[in-house]
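# Chain and residue survey
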Amino acid sequence: MNLDTLCREMPKIELHAHLNGSLSRSTMLSLQRYLADLGIKDKTNVFINEFQMSSGDSKTLLDAFSLFTIAHELTSVPESLAMATDMTLREFEEDGCCYIELRSTPRQTPHMTHKQYLETIVQTMRNEKFSIIPCLIISINRSSPNDVEMITNLAIEYHRKYPDTVVGIELSGNPAVGRFSHFLPSLTRAREAGLKVTLHCGEIPNQQEITEMLKFRPERIGHGVCIHPNYGGNEEIWQLLCKSQIPVELCLTSNVNTKSTPSYSAHHFKELYNANVPIVLGTDDKGIFATSLSQEYRICAETFGIDPSKLVRLSLRACDYIFSHDKKKTLSDRILNFINKNAL
Ligand code: 5GP
């Protein structure tokens, strides 16, 4: 089996994907047509072409945050949000993902409340028939500090109602804005209510915040770029990460395209992998970065010389880091079957 086929066919686990960053061009065009038919004025006509970031342009991570407003225009009514959720899950499914923890920030729009936003995603995940197992992580945006209590309350309410769908809470948004300490009490409350926590951590150098985050011991962190001493971190936080064994969600293309990392070969994947820090590959925003989870596995194998047997075991180990514990065995059995069938 060649590498492309292997990466597409092996069952994969996606643990770091933001709904509105994951909209593909074809999904965006469908949403645009749908909104036009409804007669809802949509300003995104001209802007869909700008919903992308590549390694060759001059856009950086901080520019990414203005791009999300393009997708947000298209998911501002419940019906188009449901379509976006459904189409995105199907794209992950077609790419060979068997389980996903999709994440999204509940938003109020002229057409729905925060609660209707959440309800729409949850009901789409629960009512449509998928072969992929969909779960939801509720996002808190660092740029909306006043929403944190309200979103945490919603997250707890929905986790109680649908514990097998709403599995976690996370902190994302512009890392240059706000302080982790502001969000800590709410995240602690969510955790005490049974939600698992993942934090965007170390996207920019901020050793104090990284220390506070790692000491909170989230169930996972995202990115972890500036932790190793070679990448803007220091020995102390690097050792803290290594000892904590907190799994890190790594998004290779996202880090390269936002220029957080100069190239694939300079990505901190290799430091984490060599130090046996638990890692899981993710796409982050597959729409903006024109990627897929199978492409991330292929790039990882090619860049770091990971052979097929080790590559598929990366996917297998991801089962240990998922937030819905009752699905671990089913998923790992499925990946083990693939390993045995293909003598990997
Ligand atoms: P949404 O939550 O609206 O479904 O997805 C888009 C949101 O996810 C963005 O507005 C931003 O808050 C968050 N997000 C997406 N990609 C990144 C990323 O690479 N880093 C951080 N910190 N936040 C992100």
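Placed above this text is the structure.
Given the structure is predicted, the values throughout are model-derived calculations rather than measurements. Throughout, residues of each chain are indexed from 1 in the direction in which the sequence is written. Given that this is a predicted model, residues contribute local features only at a pLDDT of at least 70 and side-chain atom pairs are listed and counted only at 80 or more, while totals for whole chains, interfaces and linings are drawn from all residues. Side-chain numbers come from the whole structure's heavy atoms, not from hydrogens or water.

### Here we look at the overall build of the protein chain
- Assigned secondary structure in the protein chain consists of 14 helices and eight strands.
- Just to be clear, the radius of gyration here is over C-alpha atoms, and the globule rule we use is 2.2 Å times residues to the power 0.38. Over its C-alpha trace the protein chain gives a radius of gyration of 19 Å, about what one expects of a compact globule, namely 20 Å for 344 residues.
- Based on the C-alpha atoms only, the size of the protein chain along its principal axes is roughly 55 × 45 × 45 Å.
- Contacts: residue pairs with any heavy atoms within 4.5 Å of one another. Residue pairs in contact within the protein chain that sit at least 24 positions apart in sequence constitute 76% of those at least 6 positions apart.
- Computed by Shrake-Rupley with a 1.4 Å probe, the accessible areas treat only the displayed protein chains as cover when residues are assessed. As presented, the protein chain carries roughly 14,000 Å² of accessible surface, and 50% of it is formed by carbon and sulfur atoms.
- Placing the 36 positive and 40 negative side-chain charges of the protein chain at their respective mean positions leaves the two points 3 Å apart. Strands are runs of DSSP state E lasting at least 2 residues, helices are runs of H or I lasting at least 4, and numbering of each runs from the N terminus. Neither His nor the chain termini are counted; the positive set is Lys and Arg, and the negative set is Asp and Glu. Taken as the charge location is NZ of Lys, CZ of Arg, CG of Asp or CD of Glu.

### Thoughts on the environment of Val225
- Examined against the element boundaries, Val225 turns out to sit in the loop between β6 (220–223) and α9 (235–244).
- In this structure the C-alpha to C-alpha distance between Val225 and Lys59, which are 166 residues apart in sequence, comes to 18 Å.
- Here Val225 is in contact with Cys201, Gly202, Tyr231, Asn255, Ser260, Thr261 and His268, once residues within four sequence places are set aside.

### Some points on the packing of aromatic side chains
- Whether two aromatic rings pair depends on their centres lying within 6.5 Å, for rings of Phe, Tyr and Trp, where Trp uses its six-membered ring; planes under 30 degrees apart make the pair stacked, over 60 edge-to-face, and the rest tilted. For the coordinates displayed, the defined rule picks out five aromatic pairs.
- Here the aromatic rings of Phe269 and Phe304 are separated by 4.7 Å at their centres, their planes lie at 25°, and the arrangement is stacked. Of the two residues, Phe269 is situated in helix α11 (residues 269–274) and Phe304 in helix α12 (residues 293–304); the sequence distance between them amounts to 35 residues.
- Each residue is assigned to one of three classes by its accessible area relative to the maximum for its type, calculated with a 1.4 Å probe on protein chains only: buried under 20%, partly exposed between the two thresholds, exposed over 50%. On the accessibility criterion, Phe304 (18% relative accessible area) is buried.
- Among the aromatic side chains, those forming a connected cluster through ring pairs are Phe269, Tyr273 and Phe304.
- Whether a charge sits over a ring depends on NZ of Lys or CZ of Arg being within 6 Å of the ring centre and within 35 degrees of the ring normal. Positioned above the aromatic ring of Phe323 is the side chain of Arg220, whose terminal nitrogen or guanidinium carbon lies 3.9 Å from the ring centre.

### Things to note about the site of the ligand
- Around the ligand lies a shell of 17 residues, among which Ser104, Thr105, Gly173, Glu203 and Asp285 are the nearest.
- Contacts to the ligand include Thr105, whose side-chain N or O atom sits 2.5 Å from an oxygen atom.
- Look at the ligand: alone it shows 500 Å² of surface, and the protein chains cover 97% of it.
- Computed over the protein atoms alone on a 1 Å grid, cavities are sets of points where a 1.4 Å probe fits but cannot get out and pockets are open sets with protein on both sides within 12 Å along at least five of seven lines; a residue lines them when it has an atom within 4 Å of a point. For a cavity or pocket, the test is whether more than half of a molecule's atoms lie within 2 Å of its grid points; if they do, the molecule sits there. In this structure, the ligand is accommodated by the largest pocket. The rule for a residue being near a molecule or strand is that one of its heavy atoms must lie within 4 Å of it. Here a polar contact means two N or O atoms within 3.5 Å. Within protein one must be a hydrogen donor candidate and the other an acceptor candidate, and residues neighboring in sequence count only if both atoms are side-chain atoms.

### Brief notes about the layout of surface pockets
- There is about 510 Å³ of room inside the largest pocket.
- Lining the largest pocket are 34 residues, with Phe65, Phe68, Thr105, Asn141 and Gly173 sitting closest to its centre.
- Those elements that place two or more of their residues in the lining of the largest pocket are α3 (61–74), β2 (97–104) and β3 (133–141).
- With six residues, the single largest contributor to the lining of the largest pocket is α3.
- When residue character is reported, Ala, Val, Leu, Ile, Met, Phe, Trp, Tyr, Cys and Pro are called nonpolar, Asp, Glu, Lys and Arg charged, and the others, Gly included, polar. Per-class residue counts for the lining of the largest pocket are eight nonpolar, 20 polar and six charged.
- Estimated volume of the second largest pocket: approximately 190 Å³.
- Counting only elements with at least two residues in the lining of the second largest pocket, the list comes to α5 (114–127) and β3.
- Looking at side-chain class alone, the lining of the second largest pocket contains five nonpolar, two polar and five charged residues. Grid points are joined across faces, edges and corners, and a volume is the space filled by probe spheres set on the points.

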